[in-house]
Amino acid sequence: MATGTAAWLPFARAAAIGWMPVASCPMPLAPRDNSKKKDELIMLNVSGRRFQTWRTTLDRYPDTLLGSSEKDFFYNEEAKEYFFDRDPDVFRSILNFYRTGKLHYPRQECISAYDEELTFFGIIPEIIGDCCYEEYKDRKRENLERLQDDQEDNKDMKLPNMTIRETMWRAFENPHTSTMALVFYYVTGFFIAISVITNVVETVPCGATPHHKNMPCGERYTVAFFCMDTACVMIFTVEYLLRLFAAPSRYRFMRSVMSIIDVVAILPYYIGLVMSNNEDVSGAFVTLRVFRVFRIFKFSRHSQGLRILGYTLKSCASELGFLLFSLTMAIIIFATVMFYAEKGSSSSKFTSIPASFWYTIVTMTTLGYGDMVPKTIAGKIFGSICSLSGVLVIALPVPVIVSNFSRIYHQNQRADKRRAQKVQKTRQARIRIAKSGSANAFLASKHHGLLNELLELTGTEEDEQKLIRNTSLLESQHHHLLHCLEKTTAHEFVDEHMFEQNCLEEALQSYPSRSPSVSSQGSCTICCCGSRRHPDPRVPRGPLQELSALHIQSSQLAVHPSSRSNLNLRAEDGSRVNCKGGQVTTAIISLPSPPSLAPHREGRHHPHHPTTTTISNVFRVKVQLLEKMLLK
Amino acid sequence: MDGKRLDTISERVDAAAVSAPDSIEDELELSTVRHRPEGLEQLEAQTRFSRKELQILYRGFKNECPSGVVNEDTFKEIYAQFFPQGDASTYAHFLFNAFDTDHNGSLSFEDFVMGLSILLRGTVQEKLNWAFNLYDINKDGYITKEEMLDIMKAIYDMMGKCTYPVLKEETPRQHVEVFFQKMDKNKDGVVTIDEFIDCCQNDENIMRSMHIFENVL
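Conventions used here
- Residues numbered from 1 in each chain as written.
- Chains lettered and ligands numbered in written order.
- Predicted model: local features only at pLDDT ≥ 70, side-chain atom pairs only at ≥ 80, totals over all residues.
- Heavy atoms only, no water.
- UniProt positions renumbered as here; feature names shortened; annotations may be inferred.
- Contact = heavy atoms within 4.5 Å.
- Buried area = accessible area lost by both parts, 1.4 Å probe.
- Salt bridge = Lys/Arg side-chain N within 4 Å of Asp/Glu carboxyl O.
- Polar contact = N/O pair within 3.5 Å; in protein donor to acceptor, adjacent residues only side chain to side chain.
- Helix = DSSP H or I, 4+ residues; strand = E, 2+ residues; numbered from the N terminus.
- Nonpolar A, V, L, I, M, F, W, Y, C, P; charged D, E, K, R; others polar.
- Pairing = 2+ DSSP bridges.
- Buried < 20%, exposed > 50% of the residue type's maximum accessible area, 1.4 Å probe, protein only.
- Patch = residues over 30% accessible without salt bridge, like charges linked within 9 Å, V, L, I, M, F, W, Y side chains within 5 Å.
- Areas by Shrake-Rupley, 256 points an atom, 1.4 Å probe, with all protein chains shown as cover.
- pLDDT = per-residue confidence, 0-100.

Per an unreviewed UniProt entry, chain B is named Kv channel-interacting protein 4, and its organism is Neogobius melanostomus. The Sequence similarities (unreviewed entry) field of the UniProt record for chain B holds the comment "Belongs to the recoverin family."

Within an unreviewed UniProt entry, the label attached to chain A reads A-type voltage-gated potassium channel KCND1, and the organism entered is Neogobius melanostomus. According to its UniProt record, chain A has this under Subcellular location (unreviewed entry): "Membrane". The Subunit (unreviewed entry) comment attached to chain A in UniProt states, word for word, "Component of heteromultimeric potassium channels. Identified in potassium channel complexes containing KCND1, KCND2, KCND3, KCNIP1, KCNIP2, KCNIP3, KCNIP4, DPP6 and DPP10."

Spelled out as structure tokens, the structure:
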């Protein structure tokens, strides 16, 4: 519980007097405060630096080292203080957590040292307050990455027992692992360069020959260029197929950007082979040759910087989009204005608004080709306004993009922020679990409470030792408060699972096979009003007061090893079995739950399984006529 | 889209520019809402707590509210921590009004400690008086059925959704009916302070439950 609740609990309990006149049932007894000792100052000596605080401050968090009896291990008898051989600077933040309820992460501390201290003192890092949590998580992630990088450097050593596939894949991804990989890397790089240069040189005019006029080299030395192209494409195809073979997940490889680039690079060649030199499709054929330029993107496998650039552009998409959008807006506005301004002048090049787009773009980007120039005064005025605003519109988003790029280039962090959002969800989930833990703790402690009350009232001194005291006084007082509220309203707290089951069971009242059990549930009420004098452990706190049916574990029956159906049903599956089975008969049997058995069962039940805890006092048993038995 | 972002940014700039002179005043106002309680001796005389107990109470109070006063929202937050499964804000509102005897919208340490003194160390008469005051929302000396229904709904809200048996809509109303049947002797539809105290003193359960919180501090 947080600090606030510890300090305000007496107030909340006193205010509960407001419920008393309204309640129809008698209230439970308050937990006895056996430790009547006065609040005292505790001296904590952490490596020589002395801290002092009240005992109750430390008791606020009973599941940490300082709040529980674990600190007794560190008690120094002669000096009457608790000595911890830990870092005193970090201890400051830890003690402040007890005082204020908020854990802060001091920025100058090393993250691993801080983590160690937190673990030592039994504090989970998720409690760190929102003010410091982001910093903490960032630092932790960086640390993790540094560790991973170190590990990866070590991993470059060749591991034994790798299949051919894995070796090949590692060679492809990491050219520095072996000489073969390096050779392959350089060879492919060389051929990419050759291919690109070929494409470029193909279009250069080669000089006149006697037969034809100045023609590009590509048409003069067709065969040579065709051979070069074939060679390159064969290398690329072989490379692609090898990568496809070696990829650990072929489907994922085929979907990745690099493989798509590979395919786009070699496809035009094959399509060109297949198609004949038909006049109709030669236009499309020419277009396909344009795609050959995509081979240059294959260089991004060879250059880390290129990959980061592409990645940055992808992540700066919103800024780029904003730039484009604002430019488009300005272009349309100015083009319209210029068109109407120049409409009057003769022989004006501004024939339509789309035609004015070209002028506007050239002016706004301060290119100023001069092929389209306004002639009227109004046109010139608006033209100058256009060029001035162009400078502004472009200059504004560009620094944003540039700073983004530099940030990402140095940090590579955008993907991790997305991962951090998932961590945020886990953090919230853990905090929610911790919070709901208090509600579950109350439900779990109700069982302990019943036994404790019984033992306190009727037991002797030795029995009092047996009390299940795994809750602190603070918690027991809080539970007593919740118990009083239950009595006031004559309703009980149950956890979500049980609540949904109850709703389900109430809804199933129409099923005839279930009517005996359901009617028993419907009739049971929480009997508290006036008739209870002693807390009766026999009255269970779960939803089923009377036992509705008897379920014999199938393992007790004669199970034929050849039986097909799975007969091992647990008690919780009982309700679901009922929904399906038409062969279920129910019987109303009432069994007392001996108190000696209950603590044993509760001892076994982990408080994180509230379903089993709430039915621990109730034996939910079913008699099931098994088809198998009938068939036998 | 980008347009919406620009809109909000321009709004924020405008708002900041306009409210700048006011916000300084607001800040000054907030910073002056600090409260120092009366001296320890005076509080000792006015309440039934010993010096030590007052010290403990004040330390806890000041820890949670460094400014020395609790406003209603903080109070609701604090009270809600005790009832994680339900919604304690309505009941906390009534409780706040019951404690805030001078009705200035904030709970100082004196209000807090006076209320506690009655609840923990007062006579049964005083406690019942306090409870009546809590139920009487408009402080007119009569508890009507509507007031009682509001209080009852607030109490049931604290239970939350996951209860056994399942909370029905008319449960608070039925509870109010039972209450009025018991308390309203002359059947005039309201419960006065005398009827209330008489009835409670004749009820054994209520009398016993008034004493269970005596050892709270």
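Chemist: Sorry, what's going on with the interface of chain A and chain B here?
Modeler: With 59 residues of chain A in contact, the opposing surface of chain B contributes 58 residues. Carbon and sulfur atoms supply 70% of the area that chain A and chain B bury against each other, a total of about 5400 Å² over both sides. Linking chain A to chain B there are 0 salt bridges. Applying the counting rule to chain A against chain B returns 4 residue pairs in polar contact (both at pLDDT 80 or more). Listed by contribution, the elements that provide at least two residues to the side of chain A that touches chain B are α1 (3-15), α14 (317-341), α18 (414-458), α20 (473-489), β5 (492-493) and α21 (496-507) of chain A. For the side of chain A that touches chain B, the element with the highest residue contribution is α1 of chain A, accounting for 12 residues. Classifying every residue of the side of chain A that touches chain B by side-chain character gives 36 nonpolar, 14 polar and 9 charged. As paired elements, β5 of chain A and strand β4 (residues 163-164) of chain B share 2 bridges and run antiparallel to each other. Looking across to β4 of chain B, one finds that Glu492 of chain A is bridged to Tyr164 of chain B.

Chemist: So what exactly am I meant to see when it comes to the side chain of Thr47 of chain B here?
Modeler: Residues and elements named next belong to chain B. When you line up the elements, Thr47 lands in the loop between α2 (40-46) and α3 (51-64). Overall, Thr47 belongs to the buried group, its relative accessible area being 6%. In this structure the side chain of Thr47 is engaged in a polar contact, spanning 3.5 Å, whose partner is the backbone nitrogen of Phe49.

Chemist: Any chance you could explain a nonpolar patch on the surface here in plain terms?
Modeler: Residue and element names in this part refer to chain A. Among the surface-exposed residues, Ile197, Val200, Val201 and Val204 lie close enough to one another that they form a single nonpolar patch of about 310 Å² accessible area. Within the fold, Val204 resides in the loop between α7 (179-201) and α8 (217-220). A relative accessible area of 38% means that Val204 is categorised as partly exposed.

Chemist: Could you clarify how one ought to interpret unusual backbone geometry in this entry?
Modeler: Glycine aside, residues mostly have negative phi angles, and peptide bonds mostly take the trans form. Residue and element names in this part refer to chain B. Of note, Lys139 is a non-glycine position whose phi angle comes to about 55 degrees, a positive value. Within the secondary structure layout, Lys139 lies in the loop between α7 (124-135) and β3 (142-144). In this model, Lys187 sits at a positive phi of 55 degrees, which is unusual for a non-glycine residue. Summarising the element assignment, Lys187 is placed in the loop between α9 (171-183) and β5 (190-192). Residue class for Lys187 comes out exposed when judged on its relative accessible area of 57%.

Chemist: Please clarify how the confidence of the model for chain B should be interpreted in this entry.
Modeler: Any segment with low pLDDT has predicted coordinates that should not be analysed in fine detail. Residues and elements named next belong to chain B. Confidence in the prediction of chain B, expressed as mean pLDDT, is 80, and 83% of residues score 70 or more. Confidence scores differ between elements of chain B, with helix α1 (residues 2-32) showing the lowest mean pLDDT of 51 and helix α5 (residues 89-99) the highest of 90. Predicted complex metrics record ipTM = 0.76 and pTM = 0.48.

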